[in-house]
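Descriptive structure summary
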Amino acid sequence: MSRVFITGMGIISAVGNSLAENRSALKAGKAGIILSRHLPTRYAGILPFGEVLIATDELKEKFEVTDPGITRTTLLALHAFTEAIADAGLTDRELRDPTTVLVGATTVGGMCLTDELYRDTIGSCEGSAYLSSYDCASVHMYLQDRYHMQGFATTINTACSSSANAIQFGARLIRNGLASRAIVGGTDSLAKFTINGFNALQILSTGHCRPFDRDRSGLNLGEGAAFLVLEGEDARASDPRSASAAVGHGRNLDARASDPRSASAAAGKKIYAELTGYCNTNDAFHPSALSAQGNGPYLAMRGALQSAGMNAQQIDFINTHGTATENNDEAESRAMVRLFGEPPPFVSTKSYTGHTLGASGAIEAVFSALSLEHQEIYASLNFEQPIPDIGLRPVQAYGTYPLHHVMSNSFGFGGNCTSLIFSKVN
Amino acid sequence: MLYIHQTSCISPQGTYPSPGAGVATAGITAPRRPVDNLLRAIEPSYEGIPGSILRRMSKSVKMGVGAALSLPGSAAPSRVLSPQGILIGTGNGGTEDSVKFLKQIIDYNEGLLTPGTFVQSTANAIASQIGLLQHNNGYNVTYVHRGLAFESALIDAAMLVNEHPGHSYLAGGVDEISDHHYRFEYSEGWYKKEDLSGKDLYTTDSPGSIAGEGAAMFILSGTPANAVAEVKGVLTLRSEDHPTIKAAIQLFLERHLPAGTLPDLLLSGENGDNRGLEGYELCEAMMAPDTTIARFKHLCGEYPTASAYALWLACNLPAVLPGHLVKWLPSKEKVYQTILIYNQYEFSQHSLILLERSL
């Protein structure tokens, strides 16, 4: 089974518009949670958000997008996607190679156009330019078309674990011999729709979120996107038309690389990290809350270890889901204690970016890979007192650490839990 | 090696198994006709779902959960019947509740809202509710890639059975007619403007199709024993270029069928939209003279995961095809063992599913 490497990354979040900007903010402990006045919601200036500080029109201009139907969700994805493919040095030919697949994730999709959608819904007119942009698939169909990608493409929505599952699915396509290269990631933009949804659930904090703190009072919503280029060490993809053509043959397919140069897609490239473990489970407890003992999170973390062939002691660091809601941080803490006894150093980088929903798994995968590359841990912010009778304390200061294996957790509504393990490549 | 062991379906044709009546088959003699150009699903009473939960479910969640829980024999768990994971494809699952919540937001000017419809509006509500009701802690995923959402779930299932021999998985496709969604798609020209009552969908020679909905569920594994059928191959493609599409179909058939052979039956997703007919005819022309050609959209209507209905139909076809299905019947009698499903969604999303039935 082929090993899967990260050979390129791109990110845009409340703390920066590039990989370099994000890392420098994380090192400096500088959060991007602000009282924005720009958002089209009555909560602008009242609730803090992790907003990307580029206007939608500015993004359109930057990418010369004139199609009025292209949403902010798509533009954020495009921003991160462009950086990732440039970082991996992918050529047009590699992007068009039918063995290059695209696996994206989003929960908001075109619903960021709350007001436009409302008008189209009640209106009797012929509808706006956004009609075909409201769904989640529109984001990745746009990327596919813009870059003339001919390989398999799909969109996942498992709520807040969406892009962690996109990463896992892309890696499995490579490992099953159905792709040589997978561009995977997620995107979500701040929307009146999600702001009001989370507000109705009464889990939005009025101050900066405080992951794992005794007095935490909810999450800050954020927006952003991240994409990763995954490449197989021995990628011999199956079919010049589409990866999915090989289904039914499993790994014993009559391997036929369409592009001889992709025979070892990752060879000779910069490698940030190797994806060594993953697991997707369901908490099966409640539509919008985790079980108190964190069964889904526990099973996801344990399953990721099993898939990597590792024991719990080998994990050096965890980038937690850590939303700072009452429910998540307690369930995740209990699950970590169950699995690790004394958990390794951990943080929640949502204290910088806010909770970026469908993008968070990919954004935190990028942060995990940066931690491995630079052998450093970024401080978890706003923590003071541990949760009584659990007593876990996140890492509160930036520091360098010898890191070999890093775990990244993503849990979502509907009990969808996914853990990924990234490892240093020497 | 992906095998189908069990199937269930809620559709506009009353394909749901009723208590004591055994397994529903597709031997429909008098298909239900569209009303106001809509083919709405005939829903069962959902006896397996507690009333307090049922009341909060949207129609797509109800249909998905109902079809999943109804799988024959699911009351007696065994290795094959207790899936290790749940994979759902849905094009517009959650849309209806999204719009309901959206209306609350605007109508109450972002005041204090009830979160129920927001939580139900996420597309993963179908897979997660099945997981919740079946106490299934296993793999759980939802694909939302519009007209290729169900095919994505099938491809994932094929990888899972390769990775975990002996495990079984529940995979399905679910969509509902959302009034709002229908209005969007209608104004985009995807549905017929003229009333279709009394007319044959396939001879209208006008743009647009009729809207449909449904849920089709499958228990899949990598084990051939007692399987209904084997999924030999799945292909997805985004293109509007006919030579590209033709080459892809050609390559797919060469890859998955013994040299020189072609399917016994083509189940075509032809939907009455005269703008898409050429694409379907392109595939028909690639079949053998003795390949039977059948159509199914007059039974289920057009929706993003209609190919899941087609797969259910292919697994449950009676030995003699009802006349309304048939587009071309060769003179020689035929046993339908190898079935090719070719479907398009909005002209640019194409899928092929090749099935070999156990006879």
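Residues numbered from 1 in each chain as written. Chains lettered and ligands numbered in written order. Predicted model: local features only at pLDDT ≥ 70, side-chain atom pairs only at ≥ 80, totals over all residues. Heavy atoms only, no water.

Remarks on the pairing of strand β5 (residues 214-221) of chain B
Residues and elements named next belong to chain B. This is how it is decided: Only protein chains enter the accessibility calculation, which uses a 1.4 Å probe. A residue is then buried if its area is under 20% of the maximum for its type, exposed if over 50%, and partly exposed in between. Every helix listed is a DSSP run of H or I at least four residues long, and every strand listed is a run of E at least two residues long, numbered separately from the N terminus. Strands qualify as paired when DSSP identifies two bridges or more between them.
The buried fraction of β5 is high, at 8 of 8 residues. The alternating pattern of β5 places G214, A216, F218 and L220 on one face and A215, M217, I219 and S221 on the opposite face, and all of these are buried. Where strand β1 (residues 2-10) meets β5, 7 bridges bridge the pair, whose relative direction is antiparallel. Bridging from a neighbouring strand, S8 pairs with M217 of β5. Bridge count between strand β4 (residues 168-175) and β5: 8 bridges; the pairing is antiparallel. Considered in β5, the bridge of S168 is made with S221.

With respect to the packing of aromatic side chains
Formally: Put simply, two rings from Phe, Tyr or Trp (the six-membered ring, in Trp's case) pair if the centres are within 6.5 Å, and we call them stacked under 30 degrees between planes, edge-to-face over 60, tilted for the rest. Whether a charge lies above a ring is judged from NZ of Lys or CZ of Arg, which has to be within 6 Å of the ring centre and within 35 degrees of the ring normal.
Summed over all chains, the structure comprises 19 aromatic pairs over all chains. Residues F101(B) and F118(B) carry aromatic rings whose centres are separated by 5.4 Å and whose planes lie at 45° to one another, so their mutual orientation is tilted. One end of the pair, F101(B), is in helix α3 (residues 95-107); the other, F118(B), is in helix α4 (residues 116-120), and 17 residues separate them in sequence. Accessibility expressed as a relative area gives 0% for F101(B), which makes it buried. Put simply, the rings of F193(A), F198(A), F413(A), F101(B) and F118(B) touch in pairs and so form one group of aromatic residues. Sitting above the plane of the Y298(A) ring, R338(A) keeps its charged end 4.2 Å from the centroid. Lying over the aromatic face of Y186(B), K193(B) brings its terminal NZ or CZ to 4.3 Å of the ring centre.

With respect to the interface of chain B and chain A
Quick note on the threshold: In this analysis, two residues are considered to be in contact whenever any of their non-hydrogen atoms come within 4.5 Å of each other. Here's the idea: put two parts together, see how much 1.4 Å probe accessible area each one loses, and the total over both is what we call buried area. Here, a salt bridge means any Lys or Arg side-chain nitrogen found within 4 Å of an Asp or Glu carboxyl oxygen.
Taken residue by residue, the interface counts 65 residues in chain B and 73 residues in chain A. Carbon and sulfur atoms make up 58% of the area that chain B and chain A hide from each other, which totals about 6100 Å². In this assembly, chain B and chain A are joined by 4 salt bridges. Ionic pairing is found between D145(A) and R238(B), a salt bridge with its closest N-O pair at 2.4 Å.

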